[in-house]
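Examination of the molecular architecture
What follows is each chain in one-letter form.
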Amino acid sequence: MPANINTFFNIASQKQFSRDFFFRVKQIVVPGMSLDGETDLVFARTANLPGRDIENKVVNYSGQAFNLNGKSSYPGAEAYSLEFYMDQGLDLRTKFEKASRLSFDNETTTGQMCMPGPESYILLDVLGVPCGQGNEGGQGMETIETIKLVGVGIRNIGEVGYEIADGTGEIKTITCSFSYHWYENFAK
């Protein structure tokens, strides 16, 4: 089939396009903290779908280079960042603080020094809007794929700046970063 405007139109209208807001943080579970996007005020403002690399291993033989698969790695897994809208009562920040202090407490110089296991995770949903099939009235978004970050640990709670003298009432956000070992994906 030739690549032309009609081909583009037909394929695009069938597959549709992902949008920059078709994503949500569904759940975060780390020692000392469990946040559920369905019941807690956990509205991510920005997030990224994580990446994955396969290391290249070269075998040379008789002047020819052969490229083989090596280990997998996850770029940014040491500091996966999420930005959230911050609630007025600082409940979300307080929960992040509690988890952070369980990781390491300055007062007691103790903390959770063990490697995070499968019980520590973040669930991310990639969303889509079903088009056609009687959804002209806008039935809402559905989960297309769920990404599970495995072995999650809290790493950073970002500072929150206030503009006391020149503030205009803008909504405040808080950025938090987590580490993870790898991710798994579950398509619908």
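Overview of the structure. Here the structure is a predicted model, which is why all the values come from computation and not from measurement.

1. Describing the nonpolar core
Membership of the largest hydrophobic core comes to 27 residues, with the highest contact counts inside it found for I28, F84, F96, I122, L149 and F178. When residues of this core are traced back to their parent elements, those giving at least two are strand 1 (23-30), strand 2 (33-36), strand 6 (80-85), helix 2 (91-103), strand 7 (121-128), strand 8 (142-150), strand 9 (153-157) and strand 10 (173-179). In this structure, F96 is in contact with M33, L35, F84, I154, I157, I174, C176 and F178, ignoring residues within four places of it in sequence.

2. Some points on the environment of S34
Along the chain, S34 falls in strand 2. For S34, a relative accessible area of 47% puts it in the partly exposed group. Remark: the alpha-carbon pair of S34 and F96, spanning 62 residues in sequence, is separated by 9.8 Å. Beyond its immediate chain neighbours, meaning those up to four positions away, S34 contacts I28, V29 and D40.

3. Some words on the sheet that holds strand 6
Ordered by their spatial adjacency, 4 strands build an open sheet running 3-6-10-9, and the pairing between neighbours is antiparallel. What marks the edges here is a single partner per strand, and that holds for strand 3 (44-46) and strand 9. Adjacent strand axes in the sheet meet at a mean angle of 40° when their direction is disregarded. Examined bridge by bridge, strand 9 and strand 10 share 4 bridges and lie antiparallel to one another. Residue pairing across strands places N156 opposite S177, the latter belonging to strand 10. In the packing of helix 2 onto the sheet, contacts are made with strand 6, strand 9 and strand 10, and the angle to strand 9 comes to roughly 120°.

4. Section: a nonpolar patch on the surface
A surface patch of nonpolar side chains, about 420 Å² in accessible area, is lined by V59, Y61, F66 and L68. Looking at the nonpolar patch, the elements with two or more residues in it are strand 4 (53-61) and strand 5 (64-73). Topologically, Y61 is positioned in strand 4.

Scoring rules and cut-offs
- Residues numbered from 1 in each chain as written.
- Predicted model: local features only at pLDDT ≥ 70, side-chain atom pairs only at ≥ 80, totals over all residues.
- Heavy atoms only, no water.
- Core = buried A, V, L, I, M, F, W, Y, C linked by side-chain atoms within 4.5 Å.
- Buried < 20%, exposed > 50% of the residue type's maximum accessible area, 1.4 Å probe, protein only.
- Helix = DSSP H or I, 4+ residues; strand = E, 2+ residues; numbered from the N terminus.
- Contact = heavy atoms within 4.5 Å.
- Pairing = 2+ DSSP bridges.
- Axes fitted to C-alpha atoms, helices over the stretch in contact; angles between N-to-C directions.
- Patch = residues over 30% accessible without salt bridge, like charges linked within 9 Å, V, L, I, M, F, W, Y side chains within 5 Å.
- Areas by Shrake-Rupley, 256 points an atom, 1.4 Å probe, with all protein chains shown as cover.
- Salt bridge = Lys/Arg side-chain N within 4 Å of Asp/Glu carboxyl O.

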